[in-house]
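# Examination of the molecular architecture
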Amino acid sequence: IYNFLETLSIKGIIHFDYEVKPITRIKIAKLLLEAESKTSEMTIIENEILEFYKQDFAHEINLIDKTFDSAVKPEFLVLNKDRRIRFFEYAGKDFSFFADPMLSLSVQSIAKENLTIRRNGFSFYGYALDNWAYSLNFYDNEESGNNLDMTKILTPDKGVSITAVKTKSFEYDFVNASVGYYWNNGAITLGKDYLKFGSGINGSIILNDKAPSFPFIRIDYKPLDWLRFFYFHGFLISDVPDSSTFRYNMVPGRISISDVPKFIAFHSLSFYPSNNISFTLGESIVYSDRIQPVYLIPVMFFRVADHYLGTGKSSATGNAQLFADASYTNPHLRSKFYGSLFIDELSLNSIFSGGNLSAIGYTLGAEIVDPIFDNSSLSIEYTRINPFVYMNSEEAQTFANDNYVLGHWIGSNGDLISINYKQYLISKINFSIGTWYFRKGKQELPVEQYETPYPEFLYGAKRYELGFTVRLKYQPWHPVLTEAYYSYIRITDELEGRTLAYKLGNNHYFGLTISYGFY
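Below or above, wherever it landed, is the structure these notes cover. (Residues numbered from 1 in each chain as written. Predicted model: local features only at pLDDT ≥ 70, side-chain atom pairs only at ≥ 80, totals over all residues. Heavy atoms only, no water.)

### Examining the nonpolar core
Residues Leu 207 and Phe 232 are the most contacted members of the largest nonpolar core, which totals 48 residues. Among the elements of the structure, β4 (95-110), β5 (113-128), β8 (169-183), β11 (214-224), β12 (227-236), β15 (262-274), β24 (429-440) and β26 (480-493) are those that each provide at least two residues to this core. With near-sequence residues (within four places) excluded, Leu 207 lies in contact with Leu 195, Lys 196, Phe 197, Phe 232, Phe 266, Phe 399 and Leu 406. Ile 13, Ile 14, Leu 31 and Ile 49 belong to the second-largest nonpolar core, a separate cluster that totals 18 residues. (Core = buried A, V, L, I, M, F, W, Y, C linked by side-chain atoms within 4.5 Å. Buried < 20%, exposed > 50% of the residue type's maximum accessible area, 1.4 Å probe, protein only. Helix = DSSP H or I, 4+ residues; strand = E, 2+ residues; numbered from the N terminus. Contact = heavy atoms within 4.5 Å.)

### Here's the deal with the packing of helix α2 (residues 25-36) against helix α4 (residues 58-65)
The contact between α2 and α4 brings their axes to 9 Å, and the two run at 80 degrees. Taken as axis vectors, α2 and α4 run roughly perpendicular relative to one another. Only Glu 60, Ile 61, Leu 63, Ile 64 and Asp 65 of α4 make contact with α2, whose side of the interface consists of Arg 25, Ile 26, Ala 29, Lys 30 and Leu 33. Looking at the contact of α2 with α4 residue by residue, the class counts come to six nonpolar, no polar and four charged. (Axes fitted to C-alpha atoms, helices over the stretch in contact; angles between N-to-C directions. Parallel < 35°, antiparallel > 145°, perpendicular 65-115°, else oblique. Nonpolar A, V, L, I, M, F, W, Y, C, P; charged D, E, K, R; others polar.)

### Quick notes on the packing of helix α1 (residues 2-10) against helix α3 (residues 44-56)
At a closest axis distance of 12 Å, the pairing of α1 and α3 adopts a crossing angle of 135 degrees. Here α1 is positioned oblique relative to α3, judged by the angle of their axes. The two elements α1 and α3 meet at a crossing, and its hand is left-handed. Every residue of α3 that contacts α1 at Phe 4, Thr 7 and Leu 8 is listed here: Glu 46, Ile 49, Leu 50 and Tyr 53. Across the contact of α1 with α3, the residue classes break down as five nonpolar, one polar and one charged. (Left-handed = near helix turned anticlockwise from the far one by under 90°.)

### Some points on the environment of Thr 329
Structurally, Thr 329 can be placed in strand β17 (residues 318-330). Taking relative accessible area as the criterion, Thr 329 reaches 6% and is therefore assigned buried. Expressed as a C-alpha distance, the spacing of Thr 329 and Ala 366, which sit 37 residues apart in the sequence, is 9.6 Å. With sequence-adjacent residues up to four places away left out, Thr 329 is seen in contact with Ile 10, Asn 275, Asn 276, Ser 335 and Lys 336.

### Comments concerning the packing of aromatic side chains
Inspection of every chain in the model, using the stated rule, returns 45 aromatic pairs. Relative to Phe 232, the ring of Phe 230 has its centre 5.9 Å away and its plane inclined at 55 degrees; by these criteria the two rings are tilted. A connected cluster of aromatic rings, assembled from ring pairs, spans Phe 76, Phe 87, Phe 88, Phe 95, Phe 97, Phe 124 and Tyr 134. One Lys or Arg, Lys 21, reaches over the ring of Tyr 2 and ends 5.9 Å from the middle of that ring. Lying over the aromatic face of Phe 457, Arg 384 brings its terminal NZ or CZ to 3.9 Å of the ring centre. (Phe/Tyr/Trp six-rings, centres within 6.5 Å; stacked < 30°, edge-to-face > 60°. Lys NZ or Arg CZ within 6 Å of the ring centre and 35° of its normal.)

### Comments concerning the environment of Lys 503
By the element assignment, Lys 503 lies in the loop between β26 and β27 (505-516). Expressed as a C-alpha distance, the spacing of Lys 503 and Ile 110, which sit 393 residues apart in the sequence, is 8.9 Å. The contact partners of Lys 503, leaving out residues within four places of it in the chain, are Asp 149, Thr 155, Ile 491 and Tyr 509. Engagement of the side chain of Lys 503 in a polar contact is seen with the side chain of Asp 149, the distance being 2.8 Å. (Polar contact = N/O pair within 3.5 Å; in protein donor to acceptor, adjacent residues only side chain to side chain.)

### Some points on the pairing of strand β3 (residues 84-91)
Counting buried residues in β3 gives six out of eight residues, a clear majority hidden from the surface. Bridge analysis of β3 against β4 gives four bridges, and the strand direction is antiparallel. The residue bridging Ala 91 from the neighbouring strand is Ser 96, located in β4. Between the antiparallel neighbours β3 and β4 lie three residues. (Pairing = 2+ DSSP bridges.)

### A closer look at the pattern of salt bridges
If the charged atoms of two oppositely charged side chains come close together, the side chains can form a pair. Evaluated as defined, the whole model comprises 25 salt bridges. A salt bridge links Glu 142 to Arg 118, with the nearest nitrogen and oxygen atoms 3.8 Å apart. Within this pair, whereas Glu 142 is found in strand β6 (residues 132-145), its partner Arg 118 is found in strand β5, the two being separated by 24 residues in sequence. Overall, Arg 118 belongs to the partly exposed group, its relative accessible area being 24%. Between Lys 503 and Asp 149 there is a salt bridge, and its shortest N-O distance comes to 2.8 Å. Residue Lys 503 is located in the loop between β26 and β27, and its partner Asp 149 is located in the loop between β6 and β7 (162-166); the two are separated by 354 residues in the primary sequence. It is possible to trace a salt-bridge network through shared partners that takes in Arg 118, Asp 140, Glu 142, Lys 166 and Glu 171. (Salt bridge = Lys/Arg side-chain N within 4 Å of Asp/Glu carboxyl O.)

### Some details on the pairing of β17
The buried fraction of β17 is high, at 10 of 13 residues. Two strands pair when backbone bridges link them, and strand β16 (residues 277-288) and β17 are joined in this way by 11 bridges, in the antiparallel orientation. If you follow Ser 284 over to β17, its bridge partner there is Gln 321. Judged from the 10 bridges that link them, β17 and strand β18 (residues 335-344) form a sheet pairing that is antiparallel. What sits directly across from Phe 323, in β18, is Phe 342. Linking β17 back to β18 in an antiparallel pair, the connection comprises four residues, with Arg 334 at a positive phi of about 50 degrees.

Now the structure itself:
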């Protein structure tokens, strides 16, 4: 639904603060109601899509409008509510509960070998009292075939924590949950979920959903139309053994050891001087060993707090980052221009003394809606991430979770340019065409950042990837989805072992997925 909301925002129909995702279902329902007041400015298909989404957010709309059936009863196998199927629902005024299974089967051809992906699980969400919300979704995954990618490195696919490896197959699971209290212009959430922050159609350099989801405490607050504050404190996986926790257990020959605790604090201020312009500044810090209460203060300046805790010693406490994000939309041209900047380990003293601002990444992009045909969009985007971004000399303080970077999936020392076109044929069917060119240099060593001459962009053994993909989606009802795709990808890599052997050279990929409960 975020793509639909961003399209309406580019056309000036609604005002959507795009930089933070996910947002609450209540907020989405308010945006749908805002769009409903301007249906005359929307195409026929956009009006049909709006009605389609209103079916899924009907209860949230009722919460906003305070319209309820006093004789509401629990219902199993809800099939008679237009285009919305649901396994169970109870939509009361003071308490509600909605539940569905999550089922998916994908059959693919990966470089001339068959791949089957099975997913199964369940999800539920609901509301309690006046302002409490809760949700959970869990699903188990199994991939089986000859060409398996168990690391998901250098792809936009979500990173995985493998639970079982079998002959020609492996398993992993995903679980996200949250409990939150919301009010008219804010929310406080305790959850485990994927967080995305910043601009980018093919990934965000600031905070992306590549790494496995992690637990967090989150605060959203928008006191004024032109100002928004966002903060979270997260609990990460370092994958760095802590030798002080080494111990034997009661099974002979077995030992136990824990990882070094790892955390992230993140906050931002977003400004909206007009409905067409947004500008965001923020900072984050990754630290380890133990929770520092100073980073639980949402309005704290993390960089200065790091200096306070470290008493001037380099890398004593944390790895800090600064970032900015901006966008401008022109409803008359139905276009949006955007950019993000990510600065890792900024040192003003180094810059003023003649040093370079090298550990940075940036994204620049543009999107136009209905460029030739109605109900379509065309975008072009470029991302460059210099060497040593997301890295740190302290292994437990890298900008990563479970060894997957928290930022853009291409990682450091690489760049990506992409062009994408999307088109709705009817409200239930859309297709997209995309092409990209991805370059990457060697995997850097932290010590190389302090050597002279300073390594240049894309230094070392290089990897090149050129790709083209076509996708067709059909969604007849909520939450049923069918998707088919074809991709051609050509990869060359000068570094042996970095890219899986079956991915090298020219390859073709096909796939068909049928799912229930996935979006």
